[in-house]
Amino acid sequence: MTLRTGQRVVLAADTPLTDSAEVSGVVIGFLSLAAGTGGTVEQVVGHQDESDDVREYERLKSLLDAFGCEMPTESRRQLEEKVGSLEPAWTAFQERAPRVSVRVRFDNGFILDGAHEDVFVPA
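K.L.:
Please clarify how the confidence of the model for the protein should be interpreted in this entry.
P.N.:
Reading fine detail from the predicted coordinates is not recommended where pLDDT is low. The predicted model of the protein averages 89 in pLDDT, with 97% of residues at 70 or higher. No element of the protein has a lower mean pLDDT than strand β3 (residues 21-23), which averages 82, and none a higher one than strand β1 (residues 8-11), which averages 96.

Here is the structure:
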């Protein structure tokens, strides 16, 4: 599902906002929002969590593409080997779908930011 800014949504399931609170060893409760609580999407953000290997692959691949033909043969060969060794991480990264998080302002005034879009259903 793809949410968009301004769209009305409701929580698909009960969503705990805090862990249980204790005072003098006695649990006094926790805070959660009930399934069906309605709100409006304020922001939609797509994320792709890159590992160090993915960032290194992008850097080295760019270097190879831009300057590989001008590099000494041995340096180019070493760079190609390093890029090749990082290729599985790059391929796995490309196959993952981007994570989409949203910021929702609920009708009761609460704001939930950074929540995965799958937590909500259209109202």
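K.L.:
How should I be thinking about the nonpolar core in this particular structure?
P.N.:
Of all hydrophobic cores here, the largest spans eleven residues; its members are Leu3, Val9, Leu11, Leu33, Val41, Val102, Val104, Phe106, Leu112, Ala115 and Phe120. Looking at this core, the elements with two or more residues in it are β1, β7 (99-106) and β8 (111-116). No other element matches β7, which puts three residues into this core. Once you skip the residues sitting within four places of it in the chain, Val104 turns out to touch Val9, Gly39, Thr40, Val41, Glu42, Phe110, Ile111, Leu112 and Phe120.

K.L.:
Mind showing me how you'd approach the packing of aromatic side chains here?
P.N.:
When we look at a pair of aromatic rings, we describe it by the centre distance and by the angle of the planes. If you walk through the whole model with that rule in mind, you get three aromatic pairs. Between Tyr57 and Trp90 the ring centres are 5.0 Å apart and the planes differ by 20°, which places this aromatic pair in the stacked class. Here Tyr57 is found in helix α1 (residues 52-67), whereas its partner Trp90 is found in helix α2 (residues 73-95), with 33 residues between them in sequence. A relative accessible area of 6% places Tyr57 in the buried class. Taking the centre distance of 5.8 Å and the plane angle of 35° together, the rings of Trp90 and Phe93 count as tilted.

K.L.:
In this structure, what is going on with the side chain of Gln7? I would like to understand it.
P.N.:
With respect to the secondary-structure elements, Gln7 resides in the segment before β1. Residue class for Gln7 comes out buried when judged on its relative accessible area of 13%. Those residues in contact with Gln7 that lie beyond four places of it in its chain are Thr2, Gly39, Thr40, Val41 and Pro122.

K.L.:
Would you mind showing me how to read unusual backbone geometry here?
P.N.:
When glycine is set aside, most residues are seen to have a negative phi, and most peptide bonds are trans. The phi torsion at Ser24 lies on the positive side, around 55°, for a residue other than glycine. As for its position among the elements, Ser24 is in the loop between β3 and β4 (26-29). Take Ser24: its relative accessible area is 75%, and that puts it in the exposed class.

K.L.:
It is not clear to me how the pattern of salt bridges should be interpreted in this structure. Could you clarify?
P.N.:
A pair can form between side chains of opposite charge whenever their charged atoms are brought close. Across all of its chains, the model carries nine salt bridges by this definition. Of the charged contacts in the structure, one is a salt bridge between Glu42 and Arg103, with a shortest N-O distance of 2.9 Å. Linking Glu42 in strand β6 (residues 38-47) with Arg103 in strand β7, this pair joins segments that are 61 residues apart in sequence. Between Glu81 and Arg77 there is a salt bridge; the shortest N-O distance is 2.1 Å.

K.L.:
What am I meant to see in the environment of Leu64 here?
P.N.:
Structurally, the position occupied by Leu64 is in helix α1. Remark: the alpha-carbon pair of Leu64 and Asp14, spanning 50 residues in sequence, is separated by 50 Å. Residues contacting Leu64, with those up to four places away along its chain left out, are Arg76, Leu79, Glu80 and Val83.

Calculation notes
Residues numbered from 1 in each chain as written. Predicted model: local features only at pLDDT ≥ 70, side-chain atom pairs only at ≥ 80, totals over all residues. Heavy atoms only, no water. pLDDT = per-residue confidence, 0-100. Helix = DSSP H or I, 4+ residues; strand = E, 2+ residues; numbered from the N terminus. Core = buried A, V, L, I, M, F, W, Y, C linked by side-chain atoms within 4.5 Å. Buried < 20%, exposed > 50% of the residue type's maximum accessible area, 1.4 Å probe, protein only. Contact = heavy atoms within 4.5 Å. Phe/Tyr/Trp six-rings, centres within 6.5 Å; stacked < 30°, edge-to-face > 60°. Salt bridge = Lys/Arg side-chain N within 4 Å of Asp/Glu carboxyl O.

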